[in-house]
Amino acid sequence: MVRQSASGLLLDPGLGKTSCVLSALKILISKGYIERALIIAPLRPMYHVWTEEISKWSNFSGLKYKILHGKNKDDIAQDPGDADILLINPHGLPWLFKKYGKNAPKILGVQMLVVDESTMFKHSRTARFKILKQMLPQFERRYILTGTMTPNGLMDLFGQIYILDGGNALGRYITHYRNGYFIQPNPMHEPYRWEAKQGAMEEISEKISPLTLRLKAEDYLEMPSQQFINLEVELPTKAKETYKQVEDDFLSAIEDTFVVAENSAVAGTKCRQIANGAVYTVDKEYRVVHDAKIDMLEELVEELSGDPLLVMYEYKHDMERILAKYPDTPCLGSGTSASKSTVAIKRFNAGELPILLGHPASMGHGLNLQGSCNKICWFGITWNFEYYDQAIARIYRQGQESPTVFVYHIVAKNTLDKKVLNVLKDKERTQEKLLQSLRAPI
């Protein structure tokens, strides 16, 4: 980071991405290369990881930060004072752009950009990417941090690498990148499906390797083993019948090439909701179809006899039904305040809570939950490999004292649950192959 003005740290959770950045930042400030950095991070890591890392270590005690979030953000933007670091959430970028436009970095007095969990900018057509793209020329130094760079395949690389080099390695436009390295197997019936050309991964790896550093946890840390356990449940007869009806609609939508893709997506989502135990109706209420997964979760909790368990839910009705069974359980999800999250995390890490409930989109990055927990349960299994991988990494990381981390999947038999698990395995293979090719020699 000191030597290069642009680089990506592709480090597994627990290898100290945050500390690396803060260390480099102190050196760059002391040498007079920069005065201030803007760090874009998810909301909870912004409050719980970056701020705590600064206060935790004497190395960083001299660094001062301010957070561009909440009711005081306009005042802070107007006068950052002596802050070395300005922290902002990706959802705050439209506000910043509206206030200062593309010259926001210059007006804020920042010369260095750090994008924590850069996969949030993997899609170049999103509003957040387009806003950041206009600001990029104002930064003298740009860095990205992530442990899961290609959660859904090589297409995810374009936006992240563009942040570093403005398109030098992979092309200035997503169309150039796509046409250069991918093909459409069935453009008539699947116009949105692209597959990497033969040899594309090797070519891409060679082009981005000067910009990236890949470190794998197993090479540097004593990591625990992982044990994946599927807890299968049988749907009640009536629930099976309901599921079969919706599944038939799902299969029909897939087979009918003239049906828009949204129809199959809606039917597929309903299949997974039913597998979890409830389904939303047209009036946005939900109807409980079965309690098979709730009963299995209860069995698991009883079997663990108070051992802390991190439970991941998928739909809001999953959360509500779990909380009905365990009403005193804190939940880290959309709408949970930073102060409530802080209290819940501290209590869970201290072993005071038998269950912590969370949604992977809200708590899948940055949080350290390995204090007393080595077990995670997927009540509803997400399609999103990044969410899946990062959620497990909350407990499978440095500081985990148990020799084994247990990953439980509550799987409804003969449903899409099994298909989702297979898709996750395929995405893991794609990502691992790329990261292996970028791996730093030990």
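Here the structure is a predicted model, which means the values were calculated and not measured.

Caption draft 1: Region of the structure containing the confidence of the model for the protein. Mean pLDDT for the protein: 88, with 95% of residues reaching 70 or above. A low-confidence stretch, residues 256-262 stays under pLDDT 50, and its non-local contacts, those more than four residues away or across chains, total two contacts.

Caption draft 2: The arrangement of the sheet that holds strand β1 (residues 6-11) in detail. With parallel pairing, the seven strands of this open sheet are ordered in space as β3-β4-β2-β5-β6-β1-β9. Strand pairing shows two members of the sheet lacking a second neighbour, β3 (65-67) and β9 (212-215), which therefore form its edges. On average, each strand axis in the sheet is tilted by 15° relative to the strand beside it, whichever way the strands run. Across four bridges, strand β2 (residues 37-40) lies against strand β4 (residues 85-88) in parallel orientation. Within β4, the position partnered with Leu38 by the bridge is Leu86.

Caption draft 3: How the structure looks around the pattern of salt bridges. Scanning all chains against the criterion turns up twelve salt bridges. For Asp12, the salt bridge goes to Arg214, with nearest N and O atoms at 2.9 Å. Placement of Asp12 in the loop between β1 and α1 (17-30) and of Arg214 in strand β9 is noted, with a sequence separation of 202 residues between them. Exposure remark for Arg214: the relative accessible area of 1% places this residue in the buried category. Ionic pairing is found between Arg193 and Glu195, a salt bridge with its closest N-O pair at 2.3 Å. Among the charged side chains, a network of salt bridges with common partners joins Glu234, Lys240 and Lys413.

Caption draft 4: Representation of unusual backbone geometry. Of note in the backbone geometry, Glu117 takes a positive phi value of approximately 60° without being a glycine. Considering the arrangement of structural elements, one finds Glu117 in the loop between β5 (112-116) and α6 (127-135). Even without glycine at this site, Ser305 takes up a positive phi of about 50°. Residue placement: Ser305 occurs in the loop between α13 (292-304) and β13 (309-312). A relative accessible area of 62% places Ser305 in the exposed class.

Caption draft 5: Representation of the pairing of β5 within the structure. Burial runs high along β5: five of the five residues are buried. On β5, burial covers both faces: Met112, Val114 and Asp116 on one face and Leu113 and Val115 on the other are all buried. As paired strands, β2 and β5 are joined by four bridges and run parallel to one another. If you follow Leu38 over to β5, its bridge partner there is Leu113. Bridge count for β5 against strand β6 (residues 141-146) is five bridges, and the pairing is parallel. When the bridges of β6 are listed, Val114 appears paired with Tyr143. The parallel pair β5 and β6, bridged by α6, forms a crossover whose chirality is right-handed.

Caption draft 6: Inspection of the sheet that holds strand β16 (residues 375-378) at higher detail. Taken in spatial order, the six strands of this open sheet run β10-β17-β16-β13-β15-β14, and their pairing is parallel. Edge positions in the sheet fall to β10 (225-233) and β14 (331-332), since each has one partner strand and no second. Relative to β16, β13 runs parallel, the two sharing three bridges. Along β16, the bridge assignment pairs Leu310 with Ile376. Helix α18 (residues 416-438) contacts β10 and β17 (404-412) of the sheet and is inclined by roughly 140° relative to β17.

Caption draft 7: Spotlight on α18. The end-to-end C-alpha separation of α18 is 34 Å, in line with the 33 Å expected for 23 residues at 1.5 Å each. Residues Leu416, Asp417, Val420, Leu421, Val423, Leu424, Lys427, Gln431, Leu434, Leu435 and Leu438 constitute the buried set of α18.

Caption draft 8: Inspection of the pairing of β4 at higher detail. Burial along β4 is two-sided: the residues Ile85 and Leu87 and Leu86 and Ile88 are all buried. In this fold, the crossover linking β3 to β4 by way of helix α3 (residues 73-78) has right-handed handedness.

Caption draft 9: Fine view of the environment of Trp383. Tracing the chain through its elements places Trp383 in the loop between β16 and α17 (385-392). Placed 352 residues apart in sequence, Trp383 and Lys31 show a C-alpha to C-alpha distance of 45 Å. Discounting chain neighbours no more than four positions away, the residues touching Trp383 are Arg272, Lys419, Val420, Val423, Leu424 and Lys427.

Caption draft 10: Region of interest: the side chain of Gln160. For Gln160, the location among the structural elements is in helix α7 (residues 157-165). The exposure class assigned to Gln160 is buried, which follows from its relative accessible area of 0%. Among all residues touching Gln160, those that are not within four sequence positions of it are Ser118, Thr119, Phe121, Lys122, Ile144, Thr146 and Met149.

Procedures and definitions
Residues numbered from 1 in each chain as written. Predicted model: local features only at pLDDT ≥ 70, side-chain atom pairs only at ≥ 80, totals over all residues. Heavy atoms only, no water. pLDDT = per-residue confidence, 0-100. Contact = heavy atoms within 4.5 Å. Pairing = 2+ DSSP bridges. Helix = DSSP H or I, 4+ residues; strand = E, 2+ residues; numbered from the N terminus. Axes fitted to C-alpha atoms, helices over the stretch in contact; angles between N-to-C directions. Salt bridge = Lys/Arg side-chain N within 4 Å of Asp/Glu carboxyl O. Buried < 20%, exposed > 50% of the residue type's maximum accessible area, 1.4 Å probe, protein only. Right-handed = clockwise from strand over helix to strand, strands pointing away. Expected span 1.5 Å × (residues − 1).

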